[in-house]
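# Analysis of the macromolecular model
Here are the chains, one letter per residue:
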Amino acid sequence: MNIAIDGPAGAGKSSIAKRVAKEMSFVYVDTGAMFRTMAYYFLQNGIDTADETQVAANCDKIEIRIEYKNDEQHIFLNGTDVSTEIRKEEVGNNASIVAKYSVVREKLLQLQRNMAETSNVIMDGRDIGTVVLPNAEVKIFLTASSRVRAERRYKELVEKGEVCNLDDIEKDIIARDEQDMNRDIAPLKQAEDAVLVDSSYMTIDEVVETIQKIAKDR
């Protein structure tokens, strides 16, 4: 069984998907981490993510592997665990840029589909229900207002000891939404058969329960 969760940046897709996966004994696949890993490689190697030609020329140098340790997903870039490094704000913003390129999406698509074919998975991203797993039995479009999403991200960063500005975070989120929704390839949109879940005024427990109920009903 496949559960697809799509939605904009900061909607809580990863946190929710992890919880649902644990409670339903599914494999959690964080596709955003894959795009972040691609972006991280380009940033580390001085490759301009805005230059599609440069990005395409370097894709073959990237090997991504996913492993699970103590039920936690770890992502490896050319043999090195980069699970922590890819969570930086700069990496996330550049991941949204490289996700527009077909060469990047094609590289990751087969890896994602292979995992879905061999296990019960819950996968989150921007185009899981529309492109990656169009035949998923359950599709959720998880969203929240830009301000609520910014407040959640601000809290996360402050707890990590990072200095940040709430208004700037919201501007970045709105810009990423615009970029994700208007890219030519696999834009962010709600699948026709997806259930809309607005988590702006819901607790994590309430969202998890909602998604589990939808999955069990299917």
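Residues numbered from 1 in each chain as written. Predicted model: local features only at pLDDT ≥ 70, side-chain atom pairs only at ≥ 80, totals over all residues. Heavy atoms only, no water.

## Considering the nonpolar core
Our working rule: By nonpolar core we mean a set of buried residues, namely Ala, Val, Leu, Ile, Met, Phe, Trp, Tyr and Cys, connected to one another through side-chain atoms within 4.5 Å. In this scheme, a residue with accessible area under 20% of its type's maximum is buried, one over 50% is exposed, and one in between is partly exposed, where area comes from a 1.4 Å probe on protein chains only. Starting at the N terminus, helices and strands are each numbered in turn, a helix being any DSSP run of H or I of at least four residues and a strand any DSSP run of E of at least two. Between two residues, a contact is recorded if the distance between any of their heavy atoms is within 4.5 Å.
Ranked by internal contacts, the top residues of the largest apolar core, which has 36 residues, are M38, F42, I75, V104 and M123. Those elements that provide at least two residues to this core are helix 2 (31-44), strand 3 (64-69), strand 4 (72-77), helix 4 (89-98), helix 5 (102-118), strand 6 (121-125) and helix 6 (128-132). Residues within four places of V104 in sequence aside, it is in contact with F35, M38, V55, C59 and V98. I16, V20, Y28 and L142 belong to the second largest nonpolar core, which has 20 residues in total.

## A short note on the packing of helix 7 (residues 146-159) against helix 8 (residues 166-182)
As a reminder, the rule being used: Axis lines are fitted through C-alpha atoms, for helices just across the contact stretch, and the angle between N-to-C directions can take any value from 0 to 180 degrees. Put simply, angles under 35 degrees are roughly parallel, angles over 145 are roughly antiparallel, angles from 65 to 115 are roughly perpendicular, and the rest are oblique. Crossing handedness is defined as follows: a turn of the near helix away from the far one that is anticlockwise and smaller than a right angle gives a left-handed crossing, while the clockwise case is right-handed.
Here helix 7 crosses helix 8 at 125°, and the two axes come no closer than 9 Å. In terms of their interaxial angle, helix 7 and helix 8 are classed as oblique. In this structure, helix 7 crosses over helix 8, and the sense of that crossing is right-handed. On the side of helix 7, the interface is formed by S146, R147, R149, A150, E151, R153, Y154 and L157, while helix 8 contributes L166, D167, I169, E170, I173, I174 and D177.

## A closer look at the environment of K100
Locating K100 in the fold gives a position in the loop between helix 4 and helix 5. A relative accessible area of 30% means that K100 is categorised as partly exposed. Taking the C-alpha atoms as reference points, K100 and I185, 85 residues apart in sequence, are found 6.0 Å from one another. Beyond its immediate chain neighbours, meaning those up to four positions away, K100 contacts Q179, R183 and I185.

## Some remarks on the pattern of salt bridges
Inclusion rule: What counts as a salt bridge is simple: a side-chain nitrogen of Lys or Arg found within 4 Å of a carboxyl oxygen of Asp or Glu.
What the rule picks out here adds up to 14 salt bridges. The residue R19 makes a salt bridge to D205 at a minimum N-O spacing of 2.7 Å. Of this pair, R19 sits in helix 1 (residues 13-24) while D205 sits in helix 9 (residues 204-217), and the two are 186 residues apart along the sequence. Bridged by salt links that share partners, the residues R19, E23 and D205 form one connected network.

## Some details on the pairing of strand 1 (residues 2-6)
Here is the rule: Paired strands are those between which DSSP finds at least two bridges.
Taking burial as the measure, the five residues of strand 1 include five buried ones, the bulk of the element. Taking every second residue as pointing to the same face, both faces of strand 1 are buried, with N2, A4 and D6 on one and I3 and I5 on the other. In this sheet, strand 6 lies alongside strand 1 in parallel orientation, the contact comprising five bridges. Note on strand 6: the bridge partner recorded for I3 is I122. Examined bridge by bridge, strand 1 and strand 7 (residues 138-143) share four bridges and lie parallel to one another. Counted as the bridge partner of I5 is I140 from strand 7.

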